[in-house]
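Spelled out from the first residue to the last, the chains are:
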Amino acid sequence: MIQENILALTEYGLVTGLIQPEDQVYTMNRLLELFEVDDIEDAVFEEYAKRPAMTQESAEAALEGILEDMMTYAYEQGIMQEKSIVYKDLFDTKIMGCLVARPSEIRSKFQSLYAQSPQAATDYYYKLSCDSNYIRRQRIKKDQKWTAETEYGTLDITINLSKPEKDPKAIAAAKNAKQSAYPKCQLCKENEGYAGRVNHPARQNHRIMPVTINNSDWFLQYSPYVYYNEHCIVFNAQHTPMKIERATFGKLLDFVKQFPHYFVGSNADLPIVGGSILSHDHFQGGHYTFAMAKAPVEREITFTGFEDVQAGIVKWPMSVIRLSSPDTDRLIELADKILLTWRGYTDEDAFIFAETEGEPHNTITPIARKRGDNYELDLVLRNNITTEEHPLGVYHPHAKLHHIKKENIGLIEVMGLAVLPARLKDEMAALEHAIVKGEDLRADEMLEKHADWVDEFKGKYDHMDESNIHEIIQKEIGLVFGQVLEDAGVYKCTEAGREAFLRFVEQVNA
């Protein structure tokens, strides 16, 4: 069976373009070596030749099964140490690494296609990242996704199921594993081709593209979990901490100049309002239009000395200033002025403090895009102050919403996509069943945290039964996400909130 699987995986490589016909024998021999098999028998070749030829579609569908069979063989032969998800991920990445060309070849092809068009280059690179199983298509399909209509537009909701849960044995092995500073983090360039270990993912099938932005060395790659179309990560060649500064705006806009079909943004650089990796400077982007990008400007504003730059407050639950101009230098100049003003800005009446006891609180989440002939910067004002009432953050999902979303509101959520925890898959299924059956939610240990929420919305519906309960729950989760974004906004979408927002604008103009 392993011989047939080696032939099948080689055909997969040919059909997807990972390997060329000239690479066929070489690839088979690499796989034979990996599985400690000496040869492929003539009879196996003859039988395999009778199979229908793969297409791109059938190859994608077959890959998971081929790899699963290969790993079963490897485990039975003592080649793969354990048959848990962590060890399987390490080993199937090693398998796929046999099909992926060296970085120099892939970068050369990317540059050649870029000369035709930036989109041709990214189309090739994204497909490669999927075909190599670096982006695990079959796992991504398990994510639950839907949209929710709100007063702020159509929000995207996803329950993330593509990140596998580690088993206890692997967790113990990771705890006992020798600590290593190589690679320093999962974003470092040294991950390219790295074999991985129980506490660090394998990346033999991973390739990164060098890009120069704002005269500095960076790399482009895709997120292995693609929360939206062509979800990419742009990261500094050096392992250096996140920092929002004038140069950040220049880098974002320079990237958009080079890849005008992509947006790109940065997480904030402070805890609570920042991303999960603050230790390595990076951006996230992609080929997708979020609800925030579609949101209109609800009030135009003017910044003194920058009358040539269109500016306005965006109709969005968080506090967003949108700048638009064909001149990126002017955008950078104004964005830097707004950032510096915000860093030092305090408005006690609005409960905004630049710092307390020497700890800074104000920062910005910036997003860049090209719209027509103009470049745009959306500047989302952030503040990470905490209180006894809100120990996780005043401008963070409040405790009432933690039954749905407790995690930080990073760049992706800011733009209108809720990345919800995997636990909600089972909890919502059980909740739907319990509501339809009229069960006591407070008597259920898993569901009691959702009981108050259900009491709030159930009066809105004439009836809730099997025909509509799933749609109702999804709709209500979408409304909760809207409330999450409102909690994260430093200025509320009220008359008083807008007045406070304008006080800040006046300070920028002072």
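In short, a report on the structure. Predicted, not measured: the structure shown is a model, and the values here were computed from it.

### As for the sheet that holds strand S1 (residues 144-150)
Picture the strands of a sheet paired through backbone hydrogen bonds; they go either parallel or antiparallel.
Item 1. The 3 strands lie next to each other as S1-S2-S15, forming an open sheet whose pairing is mixed. Of all strands in the sheet, those bounded by a partner on one side alone are S1 and strand S15 (417-420). Sheet twist, expressed as the mean angle between neighbouring strand axes with direction ignored, is 20°.
Item 2. Pairing of strand S2 (residues 153-159) with S15 involves 4 bridges; the strand directions are parallel. Note on S15: the bridge partner recorded for Ile159 is Leu420.

### Focus on the sheet that holds strand S8 (residues 297-301)
Item 1. One open sheet accounts for 10 strands, arranged S3-S4-S5-S7-S6-S13-S14-S10-S9-S8; its pairing is antiparallel. Since the sheet does not close on itself, it has two edges, and those belong to strand S3 (209-213) and S8, each with one partner. Pairs of neighbouring strands in the sheet enclose a mean axial angle of 25°, with direction left out of account.
Item 2. Taken together, the 5 bridges between S3 and strand S4 (residues 216-222) define a ladder with antiparallel strand orientation. Bridging across to S4, Pro210 finds its partner in Phe219.
Item 3. Here helix H7 (residues 118-131) sits on the sheet and contacts S3 and S4; the angle it forms with S4, its principal contact strand, is near 55°.

### Here's the deal with the pairing of S2
Item 1. Burial within S2 is extensive, with 5 of its 7 residues counted as buried.
Item 2. Across 7 bridges, S1 lies against S2 in antiparallel orientation. Its bridge partner being in S2, Glu149 is matched across the sheet by Thr154.

### As for the packing of helix H1 (residues 2-16) against helix H4 (residues 56-76)
Item 1. Interaxial distance between H1 and H4 falls to 9 Å at its minimum, and their mutual angle equals 145°. In the crossing of H1 with H4, the sense of the turn from one axis to the other is left-handed. Residue-level inspection shows Ile2, Asn5, Ile6, Ala8, Leu9, Tyr12, Val15 and Thr16 of H1 in contact with H4, the latter providing Gln56, Ala59, Glu60, Leu63, Ile66, Asp69, Met70 and Tyr73.
Item 2. Residue composition of the contact of H1 with H4, by class: 11 nonpolar, 3 polar and 2 charged.

### A look at the state of the cysteines
Item 1. Scanning all chains against the criterion turns up 0 disulfides.
Item 2. Its sulfur unpaired, Cys98 is 20 Å from the next cysteine sulfur, which belongs to Cys130.

### Quick look at the side chain of Arg369
Item 1. Tracing the chain through its elements places Arg369 in strand S13 (residues 362-371).
Item 2. Among the residues examined, Arg369 registers a relative accessible area of 9% and is labelled buried.
Item 3. Only 2.9 Å separates the side chain of Arg369 from the side chain of Asp378, close enough to count as a polar contact.
Item 4. In this structure Arg369 touches Val256, Phe263, Met292, Ala293, Arg322, Asn374, Tyr375, Glu376 and Asp378, once residues within four positions along its chain are discounted.

### Side note on unusual backbone geometry
Item 1. Cis geometry marks the peptide bond from Tyr182 to Pro183, where omega comes out at -20°.
Item 2. Along the chain, the position of Pro183 falls in the loop between helix H9 (168-176) and S3.
Item 3. With phi around 75°, Ile272 is a residue other than glycine that occupies positive phi space.
Item 4. Of note, Ile272 is situated in the loop between strand S6 (263-265) and strand S7 (282-286).

### Notes on the packing of helix H12 (residues 328-343) against helix H17 (residues 495-509)
Item 1. Their axes nearest at 10 Å, the elements H12 and H17 cross at an angle of 115°. Considering their axes alone, H12 and H17 lie roughly perpendicular with respect to each other. Crossing handedness for the pair H12 and H17: right-handed. Of the residues in H17, those in contact with Lys337, Ile338, Thr341 and Trp342 of H12 are Phe504, Gln507 and Val508.
Item 2. For the contact of H12 with H17, a count of residues per class yields 4 nonpolar, 2 polar and 1 charged.

Parameters at a glance
Residues numbered from 1 in each chain as written. Predicted model: local features only at pLDDT ≥ 70, side-chain atom pairs only at ≥ 80, totals over all residues. Heavy atoms only, no water. Pairing = 2+ DSSP bridges. Helix = DSSP H or I, 4+ residues; strand = E, 2+ residues; numbered from the N terminus. Axes fitted to C-alpha atoms, helices over the stretch in contact; angles between N-to-C directions. Contact = heavy atoms within 4.5 Å. Buried < 20%, exposed > 50% of the residue type's maximum accessible area, 1.4 Å probe, protein only. Left-handed = near helix turned anticlockwise from the far one by under 90°. Nonpolar A, V, L, I, M, F, W, Y, C, P; charged D, E, K, R; others polar. Disulfide = S-S within 2.5 Å. Polar contact = N/O pair within 3.5 Å; in protein donor to acceptor, adjacent residues only side chain to side chain. Parallel < 35°, antiparallel > 145°, perpendicular 65-115°, else oblique.

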